[in-house]
Structure formats: structure tokens, C-alpha cells
Amino acid sequence: MMVRGHPPADPLDPLNALRTAILCQEALRRKREDGRTWFKMGVAIHHGRVYLARFIAGRASCTRP
């Protein structure tokens with residue numbers, strides 16, 4: 001995961017994220033063509049506010065009946 005736009009945000013952050021994704025895809029394609037890897041990769045780009053939640057299970061919730 002790569003995070004762009006963390007303060008201070010730059011107006012070019014969305015474009016830079018897209019450029020980075022394209023460069024990653026091109027580098028992996030070249031490696032596949034050279035026979036150096038068999039991996040394939042998809043890229044998802046999200047622009048905007050992200051909300052994260054952290055869930056921690058306590059011992060009481062992990063016990064079996």
C-alpha cells in the first residue's frame with residue numbers, strides 16, 4: 001500500500017498515484033516477458049478520505065463454549 005497526500009497534500013497527488021501504478025504494471029510486464037517472474041498484479045487507486053477501524057478481540061471473545 002502506498003499513501004500519497006498525507007499532509008501537506010499536493011494537487012498532483014492523484015496524477016502521481018496513477019503514474020506510479022502504470023510504472024509498476026510496466027515493470028512487472030517487462031519481467032514477465034524476460035521470464036524473470038510469473039506474477040500478475042492488479043492496481044486499485046482510491047482518491048479521497050479513507051476511514052480505518054481497528055478491531056481487537058479480547059480473551060473473553062476468543063473462548064470456546
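Our subject is the structure listed above.
Residues numbered from 1 in each chain as written. Predicted model: local features only at pLDDT ≥ 70, side-chain atom pairs only at ≥ 80, totals over all residues. Heavy atoms only, no water.

**Some points on the overall build of the chain**
Of the regular secondary structure elements, the chain holds one helix and zero strands. Within the chain, buried positions represent 8% of all 65 residues. (Helix = DSSP H or I, 4+ residues; strand = E, 2+ residues; numbered from the N terminus. Buried < 20%, exposed > 50% of the residue type's maximum accessible area, 1.4 Å probe, protein only.)

**Remarks on the environment of Leu28**
Its place among the elements puts Leu28 in helix H1 (residues 13–33). On the accessibility criterion, Leu28 (15% relative accessible area) is buried. Separated by 10 residues in the primary sequence, Leu28 and Trp38 have C-alpha atoms spaced 9.1 Å apart. Setting aside chain neighbours within four positions, we find Leu28 in contact with Thr37, Phe39, Lys40 and Met41. (Contact = heavy atoms within 4.5 Å.)

**Observations regarding the side chain of Thr37**
Within the secondary structure, Thr37 is located in the segment after H1. Residue class for Thr37 comes out buried when judged on its relative accessible area of 17%. For Thr37, the side chain forms a polar contact with the main-chain nitrogen of Phe39, separated by 3.2 Å. (Polar contact = N/O pair within 3.5 Å; in protein donor to acceptor, adjacent residues only side chain to side chain.)

All we've got here are geometric facts, nothing functional implied.
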